[in-house]
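# Secondary and tertiary structure notes
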Amino acid sequence: MTPLLLLALLQTAEPPIRPSVALGFEPGADSSLADWKQVSGYLNALAQRSPNVRVDTLGRTTEGRPFLLVSITSPANQQRLADIKRAQALLADPRRLSDTALARIRNSQPAVILISNNIHSTEVASSQMGMTLAYRLATDPEWRSLLDSVVVLMIPSMNPDGLDTVVSWYRRYKGTRYEGGPLPWLYHKYIGHDNNRDWFMLTQVETRLVTRMLYKEWFPEIVYDVHQMGSNGVRLFVPPFQDPVNPNLDPAIVSGINLVGAQMAAALYDAGMTGIAHQQTYDLWWHGGFRSTPTRHNMIGILTEAASTRLGSPITLALDSVRQPTRGVNYPEPWPGGTWHLGDIVRYELIASQSLVRLAARDRANIIDRFVALGRREVEAGLAGNPFAYILPSSAEQRDPEAWAALANVLAAGGVEVYRAAEAFSADGQRYAAGSLVIPMAQPYRAHAKDLLEPQHYTPVNDRPPYDVAGWTLPFTMGVRAEVVNAPFTANLVKVDSVVVTPGRIEGSGDVFILRNRTNGESRAVAQLLAAGQSVTMLGDSLVVRGPRARAILSEQAARHGFTVTAAREAPVGATGKARQRLPRIGLYQPWTGNIDEGWTRWLFEQYGVGYTTLHDADVRKGGLRQRFDVIVLPDADGGSLDRGVDSTRIPLQYAGGLGESGAGAVSEFVRGGGTLVCLDGSSNFAIAHLNLPVVNVLAGEASGPQVLRFYAPGSIFGTVLGGVEGARSPVTLGVADSLQVYFENSAAFTVSAPARALATYPAQPLRSGYARFQERLVGKAALVEAPVGSRGGRVILFGFRPQFRGQTHGTFKLLFNAVLLAAP
Ligand SMILES: [Zn+2]
C-alpha cells in the first residue's frame, strides 16, 4: 500500500484494516518479510482506528528508530491506564499496600502481561506475528471480551534496527544461492545476539528503555519472550525448563512458569499442532536474559523457542533428519517432518500468545494474589537475614569509584533500592564510613540484588552444562568491594535514585602530573591526553603527564570521573620508558562473521574515547600494516574462523574466506616490524600458530577426548595473581591490583617459555563464582601473556580470558586499555 492510500484510510472512521490488506501479504507468507517501517506503520494505523490499541514510543534505538510499546486492552481500561499503572506499582511493592487497598485493587485491576518479540533479529517470525495478534485481539469479539480482565503489552520488535538489517539482507539475496543465509555483520550495532544477555548490566539503550518500563512503570506479572532456535529439532520449546533452578527463584515462580508453559502446550495440541517439547536445553540457572531477569522481580518469565526457517524461506526436513525425542510426557507428539514455513512459526507463536492472554484474563485474581505474595515473601526473607544486607563501602575505600557507582546504578536501574549512609555506622562488627552504600535485602526485588551480589555455585544436573554462563557476581567482575551483613544493624540511610562519584581533583601544584592509573577513568583521560599530543611516561607504578593542555584535560576528567591527580613542579626521577606523545594508531579487526566480541570491544572503545580504525579482511590482506598501525586488536574467535571466515557457498564472495594465508602473513609482518598485536581469548591460538610464539594454550585440545575428562568452565569467574615477573613492570598491568578476578568462558590458559612472560597466573583453587570441572588444571598456568617478537620492539599480548566480557567486567577493562594505549612501541 502506498503511504497516500494509507493516509486516506486513516482519515475515515472505518474499522481496523487487516495486516494482509495493509501490507499486501499475510504476515508469515513465504518470502515476504515486513520491515520496521511496515510493522510500526501498521500498529500505529491500528491504534488510530481501534479504541483497544495504543502505541507509545519509549525512546529511540541505537540507530535512532522509534522503539515502541503497544498496549491492548478494553476501551474502558485504556481510559484509566494511569490508574492501572499506579495500582501495578503498589502490587509490586506490597510494603506500601494496605489490606483495604489490596481488596479494592483486586476487584478491578486487570492482569498485566508483556509479550516481547524479535529480540534476536534473525528469529524474525514474531515481528510478523505481532501484527496479527494485535489485530485479532482488537477486532475478534471472543478476544475483545477478555480485554476487561487483561492488559496485553507488546514490544513489536525488541531490536527494530536489527529487523531492518535482516529484512534488507533477505530482500537483497532473495532468489540467489545466498537466500536466507548468514549475515556478515551484527544485527545490533554493538552487541548482536548478546542483546539478550544485557538484562542486568543494561549497557545498551534498548535494554535500558525496556527495563525502566518493566520495573518503574508497568510491573507486568507475566513476561513472555518469543524466540527461535535451530531448524532440525523439535518445532517449539515451551516451559517447564530443565534443571537446575537458581536458588533465588521462589517456588511459586517456578510452578507459575510450568503452569503457563503447560497451558501453551495444551492450546497447541488442542489446535492439532505437533512437535511441542518441554524440558529441552533451556534451564532456570542463568540471570541476564529477558525471560530470566524478570523472574528475580517476582514476574513469571516465559520463553518459547520455535524451529527456524531460513528467514522468510521454507525448509524441508525428512523425518529421519529431525533430531527429536521419542514420544513421552515431555513430548507427546513428535513432528512428522516435511516442509516448515515462516507461517508455521507464526501460527505456533500466535496460539501460544493467545493462550497466555486467555490464561491471564481468566486467572486474573490468582495472578494478582501470587504477585503480591511473592513480593511479601521477598521482604520477609530479607528481614529474616541470610543475608540482611550488602554494603558497598564508601568510594574512598574502592579502587575505582566509577566502577563502584556503576555497580550501584546497575542495581538501581533494575528497580533495587539503594541507600547511602549519611553518617558512619557499624554492622556485623565492622565500621563503615559515611557515604557507604547499603542494599537491604528486605525489599521486593531482593532476589535480583542478591543474585547479582553473591557468588554462584553451579551444580550440574546429569553432567549437563548450564544453558548460558554459570557465574556473574558483579562485585567480582567489576572490581568493587562488597560486604555481606548477616545481622540487623541501624544506620542513618537515605534512599538514592542514582549514584554519582565524588568529583576528583588535582592536588599539589606544578605542571607535572602524576596518575596512579588505578581507575578506568584515568585510561579515558590518557586516551584524551595522547590524542591531544600531551606527553605520557611510565614511572614505576604511575604515569607522568606533561604538556600545555594537560592541566585542563586532567582537571576536567578528574572532576567528572572521580580520580585524584598529584601535581609536582618537577618530574620524579627514574621515569622508565619513553614519553608517548600521540594516541597509538589502533586497528580493530572486524571479521565478516558477525563477531560479537568485536562489537563489545568497539562499544568499550567508544565509551572510553579510545579512537580506532576498523579493519576488514581486505585491509589486512593487502599488507603494509605497520605503516598504518601501532596496535592491532583481534577479537575473540577461534583460530580456524579467523583463518577461513565463512565459506563462499554460504555468503557472497566479498565477505568470504577470512584472513587467509596472506592476512596471517600480513599480521606476522606487522608484529615483526615492531607492531603490538593484542589477542583476545580465542584469537590467541591464531597468534601462537602463525607467529610461532613460545607459548602453549594447554586447553586448546580440550574440545576433543571424552567429555567427562575435559576441563570445562562455561562462563565463570577466576582469581589470578599478578606479578612474579622479572624485569620492568609491563605497561599492560600498570595500576592494576595484584590479585584480579577475570571472566573465563571456555577460554585459554598458557604455559610460556622465555622470552614470553606470564603477567597473571592462576593460584590454587582459582574458581570464585560459577562452575569449573577440574579447576586444578589451571593452577600455575598463565592467564595473560606478553611475548616480544623480533628485534624491532614488536610484541604480542595474549588474553586468556575476556577482559571486556559483555561490557560487565569493569575490573579488567584497564588491562585492555593499557594494552592498546601504553604497550605500543
Ligand atoms: Zn533467540
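See above for the structure.
A brief look at the structure comes next. Just so you know, these numbers come straight off a predicted model, no measurement behind them. (Residues numbered from 1 in each chain as written. Predicted model: local features only at pLDDT ≥ 70, side-chain atom pairs only at ≥ 80, totals over all residues. Heavy atoms only, no water.)

## Some details on the overall build of the protein chain
When its secondary structure is counted, the protein chain shows 25 helices and 36 strands. For the protein chain, whose C-alpha radius of gyration is 28 Å, the value lies close to the compact-globule estimate of 28 Å for 825 residues. Across the 825 residues that make up the protein chain, the buried fraction comes to 61%. Of the contacts made within the protein chain by residues no fewer than 6 positions apart, 79% connect residues no fewer than 24 positions apart. In the protein chain, 78 positive and 72 negative side-chain charges are present, and the distance between their average locations comes to 4 Å. (Helix = DSSP H or I, 4+ residues; strand = E, 2+ residues; numbered from the N terminus. Rg over C-alpha atoms; globule rule 2.2 N^0.38 Å. Buried < 20%, exposed > 50% of the residue type's maximum accessible area, 1.4 Å probe, protein only. Contact = heavy atoms within 4.5 Å. Lys, Arg positive; Asp, Glu negative; His and termini not counted. Charge placed at Lys NZ, Arg CZ, Asp CG, Glu CD.)

## Here's the deal with the coordination of the zinc ion
Ligation of the zinc ion by protein atoms is provided by His120 (ND1), Glu123 (OE), Glu123 (OE) and His227 (ND1), these donors lying 2.1 to 2.4 Å from the ion. In this structure, the zinc ion is coordinated by four donor atoms arranged in irregular fashion, with angles at the metal of 56 to 148°. Within one chain, the residues donating to the zinc ion are spaced in sequence as H-x2-E-x103-H. Placement of Glu123 in the loop between strand S3 (111-117) and helix H7 (125-139) and of His227 in strand S5 (residues 222-229) is noted, with a sequence separation of 104 residues between them. For His227, a relative accessible area of 2% gives the class buried. (Donors = N, O, S within 2.8 Å, 3.2 Å for Na, K, Ca; no water. Tetrahedral: all angles 85-135°; square planar, octahedral: opposite > 155°, others 65-115°.)

## So, the packing of aromatic side chains
Inspection of every chain in the model, using the stated rule, returns 33 aromatic pairs. For the ring pair Phe237 and Phe241, a centre distance of 5.6 Å and an interplane angle of 50° mean the geometry is tilted. Neither residue differs from the other here; Phe237 and Phe241 are each classed as buried. Over the face of the ring belonging to Trp335 we find Arg235, whose NZ or CZ atom lies 3.7 Å from the ring centre. Arg235 extends its terminal NZ or CZ atom over the ring of Trp340, reaching a point 4.7 Å from the ring centre. (Phe/Tyr/Trp six-rings, centres within 6.5 Å; stacked < 30°, edge-to-face > 60°. Lys NZ or Arg CZ within 6 Å of the ring centre and 35° of its normal.)

## Here we look at the sheet that holds S5
In spatial order, the strands read S1-S2-S4-S3-S5-S10-S6-S8; together these eight strands make up an open sheet with mixed pairing. In this open sheet, the two edge strands, each paired with only one partner strand, are strand S1 (53-60) and strand S8 (276-277). Note: S3 against S5, five bridges, orientation parallel. Its bridge partner being in S5, Leu114 is matched across the sheet by Val223. Contacting S1, strand S2 (66-72), S3, strand S4 (150-155) and S5, helix H10 (residues 205-218) crosses the sheet at an angle of about 130° to S1. (Pairing = 2+ DSSP bridges. Axes fitted to C-alpha atoms, helices over the stretch in contact; angles between N-to-C directions.)

## Regarding the pattern of salt bridges
The tally for this structure, following the rule as stated, stands at 39 salt bridges. The shortest N-O distance in the salt bridge between Lys85 and Glu217 comes to 2.6 Å. Highlighted residues: Lys85 in helix H5 (residues 81-92) and Glu217 in helix H10, separated in sequence by 132 residues. Accessibility expressed as a relative area gives 28% for Glu217, which makes it partly exposed. A network of salt bridges, in which partner residues are shared, links Asp194, Arg197, Asp468, Asp597, Asp636, Glu745, Arg802 and Arg806. (Salt bridge = Lys/Arg side-chain N within 4 Å of Asp/Glu carboxyl O.)

## Looking at the pairing of strand S14 (residues 418-421)
The sheet contact formed by S14 and strand S19 (residues 493-496) spans four bridges and is antiparallel. When the sheet's bridge partners are listed, Tyr419 is paired in S19 with Lys495. Where S14 meets strand S17 (residues 437-440), two bridges bridge the pair, whose relative direction is antiparallel. Paired with Tyr419 across the strands is Val438, a residue of S17.

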